[in-house]
Amino acid sequence: MTVSTPITTPFGATSTAAEVLDGVDLTGRRIIVTGGASGIGVETARALAGAGAEVTLAVRDLAAGERAAEDIIASTGNKQVLVGRLDLADQGSVAEFAAAWDGPLHVLVDNAGIMASPLMRTPQGWEMQFATNHLGHFALANRLHPALAAGGAAGGARIVSVSSSAHLRSPVVFEDIHFEHRPYDPWTAYGQAKTANVLFAVEVAERWAGDGITANALHPGGIRTRLQRYVTEADLDRLRGQSTDPIAAWKTPEQGAATSALLAASPLLDGVGGRYFEDCNEAGPNQPGSRRGVAAYALDPAAAARLWQVSVDTLAG
Ligand SMILES: NC(=O)c1ccc[n+]([C@@H]2O[C@H](COP(=O)([O-])OP(=O)(O)OC[C@H]3O[C@@H](n4cnc5c(N)ncnc54)[C@H](OP(=O)(O)O)[C@@H]3O)[C@@H](O)[C@H]2O)c1
């Protein structure tokens with residue numbers, strides 16, 4: 001196994017998305033941010049639009065998307081902020097969104113997600129966190145592959161896979177991804193889906209490198225957003241205390257968007273792929289008892305290739 005030098009940057013836990021992109025000119029770059037109407041997504045989109053990119057907010061609530069777009073246009077002066085309807089849990093919606101896309105795509109920020117929801121299933125029977133967080137983004141990226149390849153041919157294209165330190169809670173359990181034979185646990189399901197987000201970036205970096213497309217994954221930090229809609233305050237405190245790490249302060253959404261912005265558009269990441277970042281730097285291996293770093297199973301190339309094939313087979317029905 002070859003050991004590569006970890007990517008480090010001058011930025012850290014308190015950097016904001018705007019600081020990370022200071023001096024970066026994204027004029028002519030076309031970017032999609034899923035879940036771009038709230039939380040980290042809207043601040044990622046704002047920073048990218050602030051640097052001159054055309055940004056499309058891919059959202060399931062069009063009215064919320066329009067409000068976010070107006071707000072971003074008002075704060076950045078960049079009128080190229082667009083909105084498209086996308087429900088990642090609905091493969092028909094993913095297909096419609098991708099079919100409506102015209103021309104090259106330079107960056108796809110796979111940001112949307114749900115966390116620790118009670119057991120829900122799509123009409124196909126897929127567990128909802130895996131279906132939304134992984135399968136929806138997997139299908140979207142594959143359907144947009146020609147557009148990404150066109151972006152790749154014109155200066156490079158990137159996929160940003162927003163994962164979480166919660167990936168440390170579970171590998172992808174290939175024997176029973178959809179909790180058909182094991183008891184459902186909301187955090188295990190979230191962890192599994194977030195591991196899938198990292199494995200997806202690993203496989204894209206391998207598979208699509210020849211198209212000029214790179215992909216990396218990240219943990220944004222802890223940020224108070226609507227993501228915690230299914231979780232009680234007591235649960236959050238308990239979960240944050242289950243670690244030998246000092247309890248990290250909550251980040252602001254602008255700080256939470258910094259690592260996404262870095263991976264989406266910083267020249268510091270040119271040519272880098274298949275890696276996992278936190279606090280704007282590549283993360284090292286997770287140490288037992290810690291909630292920092294990346295699990296070996298999330299970067300495992302064999303698991304990444306297996307997940308890709310399983311995802312293709314699942315979507316094919
Ligand atoms: N906040 C944190 O502490 C934290 C920590 C680690 C990782 N993350 C990751 O960061 C990402 C962004 O989360 P956030 O904290 O910014 O939470 P958020 O404000 O709830 O953003 C998530 C977005 O995903 C959208 N979404 C959910 N289901 C969707 C679907 N089926 N189709 C399309 N969009 C859908 C939501 O839209 P609606 O408003 O319509 O539901 C929302 O805009 C997530 O991937 C999350 O796992 C966050």
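The structure this text deals with has already been given above.
The sections below set out a description of the structure shown in this document.

**A closer look at the sheet that holds strand S1 (residues 30-34)**
Alright, step 1. One open sheet holds the eight strands; their spatial order is S3-S2-S1-S4-S5-S6-S7-S8, and the pairing between them is mixed. A single partner strand is all that each edge strand has here, and the edge strands are strand S3 (81-85) and strand S8 (281-282).
Alright, step 2. As paired strands, strand S5 (residues 157-162) and strand S6 (residues 213-219) are joined by six bridges and run parallel to one another. Bridging across to S6, Ser161 finds its partner in Ala217.
Alright, step 3. Running over the sheet, helix H5 (residues 128-143) touches S1, strand S4 (107-110) and S5 and is turned about 170° from S4.

**Observations concerning the environment of Glu278**
Alright, step 1. Checked against the element boundaries, Glu278 lands in strand S7 (residues 276-278).
Alright, step 2. When neighbours within four sequence positions are excluded, Glu278 is seen to be in contact with His219, Thr259, Ala283, Arg292 and Gly293.
Alright, step 3. Polar contacts involving the side chain of Glu278 include one to the main-chain amide nitrogen of Gly293, which spans 2.8 Å.

**A closer look at the environment of Glu180**
Alright, step 1. By secondary structure assignment, the location of Glu180 is in the loop between S5 and helix H7 (186-207).
Alright, step 2. Residues Glu180 and Glu127, spaced 53 residues apart in sequence, show a C-alpha to C-alpha distance of 9.0 Å.

**Brief notes about the packing of aromatic side chains**
Alright, step 1. All chains considered together, the criterion is met by six aromatic pairs.
Alright, step 2. Ring plane angle 80° and centroid distance 4.8 Å describe the contact between Phe138 and Trp308, whose orientation is recorded as edge-to-face. Residue Phe138 is located in helix H5, and its partner Trp308 is located in helix H11 (residues 301-316); the two are separated by 170 residues in the primary sequence.
Alright, step 3. By relative accessible area, which is 2% here, Phe138 ends up buried.
Alright, step 4. A centroid spacing of 6.0 Å and a plane angle of 85° characterise the contact between Trp187 and Tyr190, whose relative ring orientation is edge-to-face. With Trp187 and Tyr190 both in helix H7, this residue pair falls three residues apart, about one helical turn.
Alright, step 5. Overall, Trp187 belongs to the buried group, its relative accessible area being 15%.
Alright, step 6. Overall, Tyr190 belongs to the buried group, its relative accessible area being 4%.
Alright, step 7. Each residue in the set Phe138, Phe200, Trp208 and Trp308 is aromatic and connected to the rest through ring pairs, giving one cluster.
Alright, step 8. Directly above the ring of Trp250 sits Arg224, whose terminal nitrogen or CZ lies 4.7 Å from the centroid.

**Quick word on the site of the ligand**
Alright, step 1. Every one of the 29 residues lining the ligand counts as a neighbour, but Ser38, Arg60, Asn111, Tyr190 and Thr225 are closest to it.
Alright, step 2. The backbone of Leu88 places a nitrogen or oxygen atom 2.8 Å from a nitrogen atom of the ligand.
Alright, step 3. One of the side-chain N or O atoms of Lys194 is found 2.9 Å from an oxygen atom in the ligand.
Alright, step 4. Alone, the ligand offers 880 Å² of accessible surface; in the complex the protein occludes 94% of this.
Alright, step 5. For the shell around the ligand, the per-class residue count stands at 11 nonpolar, 13 polar and five charged.

**Points about the packing of H7 against H11**
Alright, step 1. Running from amino to carboxyl end, H7 crosses H11 at an angle of 95°, the nearest separation of the two axes being 8 Å. One finds that H7 runs roughly perpendicular with respect to H11. Within the contact between the two elements, H7 uses Ala196, Leu199, Phe200, Val202, Glu203, Val204 and Arg207 and H11 uses Pro301, Ala303, Ala304, Ala305, Leu307 and Trp308.
Alright, step 2. The residue inventory of the contact of H7 with H11, partitioned by class, reads 11 nonpolar, no polar and two charged.

**Some points on H11**
Alright, step 1. The end-to-end C-alpha distance of H11 is 23 Å, a good match for the 22 Å that 16 residues give at a rise of 1.5 Å each.
Alright, step 2. For H11, the set of buried residues is Ala303, Ala304, Leu307, Trp308, Ser311 and Thr314. In an axial view of H11, the angular spread of the buried residues amounts to 140°, which keeps them on one side of the axis. Away from the buried face of H11 by more than 90 degrees, exposed residues Pro301, Ala302 and Ala316 are located.
Alright, step 3. As for H11, its buried residues are in contact with H5 and H7.
Alright, step 4. For H11, the side-chain oxygen to backbone nitrogen distance between the N-cap and Ala302 is 3.1 Å, and the N-cap itself is Asp300.
Alright, step 5. Looking one or two places after H11, you find Gly317, whose phi comes out positive at around 75°.

Rules used throughout
For every chain, the first residue of the written sequence is number 1, and numbering continues from 1 along that sequence. Whole-chain, interface and lining totals are the exception, using all residues; otherwise, since this is a predicted model, local features are given only for residues with pLDDT of at least 70 and side-chain atom pairs are given and counted only at 80 or more. Remark: hydrogens and water are excluded; side-chain values derive from all non-hydrogen atoms of the structure. A pair of strands counts as paired when DSSP detects no fewer than two bridges linking them. Think of it this way: any DSSP run of H or I at least four residues long counts as a helix, any run of E at least two long counts as a strand, and we number them from the N terminus. Whether two residues are in contact is decided by their heavy atoms, any of which lying within 4.5 Å being enough. Angular values range over 0 to 180 degrees, each being the angle between N-to-C directions of two axes fitted as lines to C-alpha atoms, with helices fitted over their stretch in contact. Here a polar contact is recorded for every N or O atom pair within 3.5 Å, except that within protein the pair must consist of a potential hydrogen donor and a potential acceptor, and residues adjacent in sequence are included only if both atoms are side-chain atoms. What counts as a ring pair is set by centres within 6.5 Å for rings of Phe, Tyr and Trp (its six-membered ring), and what kind of pair is set by the plane angle: stacked under 30 degrees, edge-to-face over 60, tilted for all other angles. Burial classification: accessible surface area is computed with a 1.4 Å probe over protein chains only, and a residue below 20% of its type maximum counts as buried, one above 50% as exposed, and the rest as partly exposed. By definition, being over a ring means that NZ of Lys or CZ of Arg is both within 6 Å of the ring centre and within 35 degrees of the ring normal. If even one non-hydrogen atom of a residue comes within 4 Å of a molecule or strand, that residue is called near it. Under the convention used here, a 1.4 Å probe and the Shrake-Rupley method define accessible areas, while residue burial counts only the protein chains that appear. Gly falls in the polar group here, along with every residue not listed as nonpolar (Ala, Val, Leu, Ile, Met, Phe, Trp, Tyr, Cys, Pro) or charged (Asp, Glu, Lys, Arg). Put simply, angles under 35 degrees are roughly parallel, angles over 145 are roughly antiparallel, angles from 65 to 115 are roughly perpendicular, and the rest are oblique. Multiplying one less than the number of residues by 1.5 Å gives the expected span of a helix. Note that the arc is defined by the directions from the helix axis to the C-beta atoms.

This is a description of form; function is not addressed.
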